[in-house]
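Here are the chains, one letter per residue:
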Amino acid sequence: MTGTVGLVVNPGAARDVRRLTSLARTVDVHERINAVARVLAGLAAARVERVLFMPEPSAIVSRALDLLAAIGAPAPAGGPPRVAPVHLPGEGLARDAAGTAAAASAMAEEGVDCVVTFGGDGTNRAVAAGWPGGLLVPLPGGTNNAFAVRAEPTAAGLAAGLFAAEPDAFPGLTRQAPSLEVHADGATPWAALVDVALVRGPWIGTHALWDPALLIEAVVTCPDPAASGLAGVAGMAPPAVRGDAVPSGRAVHLVFGEGGVEVLAPLGPGQLERVAIRSRRPLAVGEVVRSIPGAATVAFDGEREISLLPGTPVEVRPVPRGPHVLDVDGVLRAAAVRGDLVDRAPVPRR
Amino acid sequence: MPSDDVLRDLHRQMVRIRIFEEAMVSVYQEGKTPAFDIAAGPVPGEMHLAAGQEPAAAGVCAHLRPSDAVTATHRPHHVALAHGMDMSRLAAEIFGKDAGLGHGKGGHMHLFDTETNFGCSGIIAEGMPTAVGHALAFKKLGRDDIAVSFFGDGAANQGAFHESLNLAALWNLPVVFVCEDNAWAISVPKDKSTAIPNNSDRGAAYGIPGVLVADNDPVAVYEAAGEAVARARRGGGPSLIEIKTDRLLGHFEGDPQLYRTKEEMDRLRERDAIRAFEGRLVETGALDEAGRDRVWQEARVEVDAAIEFARQSPYPAPESALDHVFA
């Protein structure tokens, strides 16, 4: 038994105003507890030695352990894996993106082999900031989930655990995702994983983006017509670029407004809007997009985070360096072909 | 995206509410010292003040008309003022004077104003079924007015909360439920009373969309409430908005708040929503420093005048004791 897996669940994702402006569903606390319980079940079956989780006010991981016990599932106490929170300063709980990044950082210091996340694109951005270049297994627990892998939590837990126990047994089953570096107003905020958008008006407000009329321009790492959010908008707009195997650095720069095409695209789940796109072009590797947008906010992965006063320049640079992502399907296929779970004893029940 | 005029008005509302609540702190204590006597002084009875919760009231009520019905709680002043209640009549009612909204017979927790269709009471969650009733009436009358129910995190555990959400969803009523989560139900912290961390999740049990506004910020509230109000007005039915807000004062005036740490109180004061919002308004140029100072000065003048009006107003005549009451 070897391997350490990190677990980051964002208790606050998928609850914002987009529940009213689109068909985004609420991912309530019980759905999170359920997903985490399934991940833990997969990790236990993979015989991971240690699970380190981000402690947060909703105590989702503790409740997931209770849920596993309630169904008579193997309990980690007295059997693998050991499940413990990472140490965080102050009150010891993560309450925001900075806390999430601190937790990821602590996990990296503890030597985790990968981190399973259940949150939105913003959660993954924070984890990537705390563990630059780290290996993520990002499950779709947010609103648009453009960065997440489409995997069922039990499978994700099993794959993460099998990989963590023996990374060398699964060569070539991680890929490095690109990201977007931003310089704004002298600050260097965390890189974005999916998109950076400039939005009219200097007020961060409720963070979420939902009104296409307020979009000025955007840079999207991986256009994907099957995604929702700006990745989907960029994916739907011609000229089309194949979504999956985009060479690293081939991000797309969109300028919104009249004079180009109007594309019907999924700005949010179930929210198909006509988005006016004046221009759309792929960016060369290392090409910088520079803008002076006036009174605006900079949105990272669909959430307004930085407020700009008029005259402030913003630079966005796509880079091939970002977090790594585990190929869940690939790991499980390799394990099946090799018979890794054949004749493996189940973890003892209580 | 709110215009500069809207932003300045949000600021003005929050400032006048804060000045009013702070004035109530000192007015309430008059006559009650050295030994606390709840019946003594110009403001007898209890007092529950909403300093810190201004963003919730201002951000929601900015979208409302006087004909929209608003119900609130035992901590009502910020909502009442944001919805347009006359400050002098509010103050007179608190002082128990005949010129008050209820001829002085309701007091600070029982404010009923036909001009702004406002009502509140001290019974936890009482305002929720009342708001549902208003919404039912609007729907039957074919009006595009809506009802808004303000309640707290403690009220969300009352039966009336669940009954109200169920009926509003069943009949697709134009009502917006606004939960001001200030983390304390009197002295009970939410995690000791509530099975789930976010009451906005509870909407799902009734098919009502729930939105969490995690910042005590008037623009965040304004944006979320705008969508909920528009949805209700166009016949889209009820919504539930949960706002994380800050109760800067005690549950009641005179509350020693032994259950709260100094660290928490210091943290809340440091992140005062009015100061943060005001700073941003000045930075973006929506307000200059002279304009900002003028807002505070005008608010002080308005509050002083309202309290003076209340002080000078006569009490109801003893002969009218049995008027205006049901028995």
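Residues numbered from 1 in each chain as written. Chains lettered and ligands numbered in written order. Predicted model: local features only at pLDDT ≥ 70, side-chain atom pairs only at ≥ 80, totals over all residues. Heavy atoms only, no water.

Undergrad: I keep staring at the domain arrangement of chain A and nothing clicks. Help me out?
TA: How large an interface is tends to be reported as the accessible area lost when its parts come together. Residues and elements named next belong to chain A. In terms of domains, chain A is made up of domain 1 (4-176 + 322-338) and domain 2 (179-319). Computed over C-alpha atoms, the centres of domain 1 and domain 2 are 27 Å apart. Facing the 24 residues of domain 1 at the interface are 26 residues of domain 2. Counting the contacts that link domain 1 with domain 2 gives one salt bridge. (Domains from an automatic or database assignment. Contact = heavy atoms within 4.5 Å. Salt bridge = Lys/Arg side-chain N within 4 Å of Asp/Glu carboxyl O.)

Undergrad: Explain the interface of chain A and chain B to me, please; I cannot follow it from the model alone.
TA: Residue-level contacts link 27 residues of chain A with 27 residues of chain B. When the two sides are added together, the surface that chain A and chain B hide from each other amounts to roughly 2200 Å², 62% of it contributed by carbon and sulfur. For the chain A face of the interface with chain B, the top three residues by lost area are Arg15, Leu20 and Trp203 of chain A, together amounting to 38%. Put simply, chain A and chain B have two salt bridges between them. The partner of Arg15 of chain A in a salt bridge is Asp201 of chain B, with the nearest N and O atoms 2.6 Å apart. Counting across the chain A and chain B interface gives ten residue pairs in polar contact (both at pLDDT 80 or more). Among the secondary structure elements, those contributing two or more residues to the side of chain A that touches chain B are α1 (18-21), α2 (29-45) and β14 (303-308) of chain A. Split by residue class, the side of chain A that touches chain B holds eleven nonpolar, nine polar and seven charged. (Buried area = accessible area lost by both parts, 1.4 Å probe. Polar contact = N/O pair within 3.5 Å; in protein donor to acceptor, adjacent residues only side chain to side chain. Helix = DSSP H or I, 4+ residues; strand = E, 2+ residues; numbered from the N terminus. Nonpolar A, V, L, I, M, F, W, Y, C, P; charged D, E, K, R; others polar.)

Undergrad: What exactly am I supposed to notice about the packing of aromatic side chains here?
TA: Here a ring pair, both rings aromatic, is described through the centre-centre distance and the interplanar angle of the planes. The tally for this structure, following the rule as stated, stands at five aromatic pairs over all chains. Between the aromatic rings of Trp203 of chain A and Phe277 of chain B, the centroid separation amounts to 5.4 Å while the plane-to-plane angle is 50°, which identifies the pairing as tilted. Here the residue Trp203 of chain A occupies a position in the loop between β8 (195-200) and β9 (215-220), and Phe277 of chain B occupies one in helix α9 (residues 273-284), the pair thus bridging two chains. Residues Trp203 of chain A and Phe277 of chain B agree in their burial class; the two are buried. Arranged with centres 6.4 Å apart and planes meeting at 50°, the rings of Tyr28 of chain B and Phe36 of chain B form a pair that is tilted. For Tyr28 of chain B, a relative accessible area of 1% translates into the label buried. Note that Lys32 of chain B overlies the ring of Tyr28 of chain B, its terminal NZ or CZ placed 3.9 Å from the centroid. (Phe/Tyr/Trp six-rings, centres within 6.5 Å; stacked < 30°, edge-to-face > 60°. Buried < 20%, exposed > 50% of the residue type's maximum accessible area, 1.4 Å probe, protein only. Lys NZ or Arg CZ within 6 Å of the ring centre and 35° of its normal.)

Undergrad: Teacher, can you tell me more about the sheet that holds strand β5 (residues 135-140) of chain A here?
TA: Each strand in a sheet pairs with its neighbour through backbone hydrogen bonds, running either in the same direction (parallel) or in the opposite one (antiparallel). Residue and element names in this part refer to chain A. Taking strand neighbours across the sheet as the criterion, the seven strands line up as β3-β2-β1-β4-β5-β16-β6 in an open arrangement whose pairing is mixed. Across the chains shown, the open sheet's two edge strands, defined by having one partner strand only, are β3 (82-85) and β6 (174-176). Strand-to-strand twist of the sheet, defined as the mean angle between neighbouring strand axes without regard to direction, takes the value 30°. Sheet analysis places β6 next to strand β16 (residues 324-326), joined by three bridges and oriented antiparallel. (Pairing = 2+ DSSP bridges. Axes fitted to C-alpha atoms, helices over the stretch in contact; angles between N-to-C directions.)

Undergrad: Mind showing me how you'd approach the confidence of the model for chain A here?
TA: With 93% of its residues at a pLDDT of 70 or more, chain A has an overall mean of 90. This stretch, residues 240-249 of chain A, has a pLDDT under 50; its non-local contacts, to residues over four places away or in other chains, come to nine contacts. (pLDDT = per-residue confidence, 0-100.)

Undergrad: For this particular structure, what's the right way to read helix α6 (residues 159-170) of chain B?
TA: For an α-helix, 3.6 residues make a turn, and residues three or four places apart therefore share a direction. Residue and element names in this part refer to chain B. Over its twelve residues, α6 runs 16 Å from end to end, which matches the ideal 16 Å to within 8%, given 1.5 Å per residue. Here α6 has its buried residues at Ala160, Phe161, Ser164, Leu165 and Ala168. When α6 is viewed along its axis, its buried side chains cluster within an angular range of 130° and face the same direction. In α6, those exposed residues whose orientation departs by more than 90 degrees from the buried face are Glu163 and Leu170. For α6, the elements touching its buried residues are α5 (127-141), β4 (147-152), β5 (175-181) and β9 (239-244). Asn172 sits one or two residues past α6 and shows a positive phi near 50°. (Expected span 1.5 Å × (residues − 1). Arc of directions from axis to C-beta.)

Undergrad: Is there a simple way to explain the nonpolar core in this structure?
TA: One broad trend across soluble globular proteins is that nonpolar side chains are buried collectively. The biggest cluster of nonpolar side chains holds 88 residues, and the ones touching the most others in it are Leu7, Leu230, Val233 and Phe256 of chain A. Considering each element in turn, this core owes the most residues, eight residues, to α2 of chain A. Three or more residues apiece are contributed to this core by two domains, here domain 1 (4-176 + 322-338) and domain 2 (179-319) of chain A. For Phe256 of chain A, the contacting residues outside a window of four places in its chain are Leu215, Ile216, Glu217, Ala218, Leu230, Val233, Val275, Ala276, Ile277 and Arg278 of chain A. Counting 76 residues, the second-largest nonpolar core is a separate cluster that includes Leu20 of chain A together with Leu7, Leu101 and Ile307 of chain B. (Core = buried A, V, L, I, M, F, W, Y, C linked by side-chain atoms within 4.5 Å.)

Undergrad: Just to check I follow, could you spell out α2 of chain A for this structure?
TA: Taking 1.5 Å of rise per residue, 17 residues should cover 24 Å, and α2 of chain A covers 24 Å from first to last C-alpha, within 8% of that figure. Taken from the residues just after α2 of chain A, Arg47 of chain A is the one with a positive phi, measuring 65°.

Undergrad: Just to check I follow, could you spell out unusual backbone geometry for this structure?
TA: Keep in mind that most residues, glycine aside, have a negative phi and that most peptide bonds are trans. Note that the residue after Thr33 of chain B, namely Pro34 of chain B, is joined by a cis bond; omega there is 0°. Inspection of the secondary structure puts Pro34 of chain B in the loop between α1 (4-29) and α2 (54-61). We note that Arg47 of chain A has phi near 65°; this positive angle belongs to a residue other than glycine. Considering the arrangement of structural elements, one finds Arg47 of chain A in the loop between α2 and β2 (50-53). For Asn145 of chain A, which is not glycine, the phi dihedral falls at a positive 55°. Secondary-structure assignment places Asn145 of chain A in the loop between β5 and α6 (153-165). Given the relative accessible area of 15%, Asn145 of chain A is considered buried.

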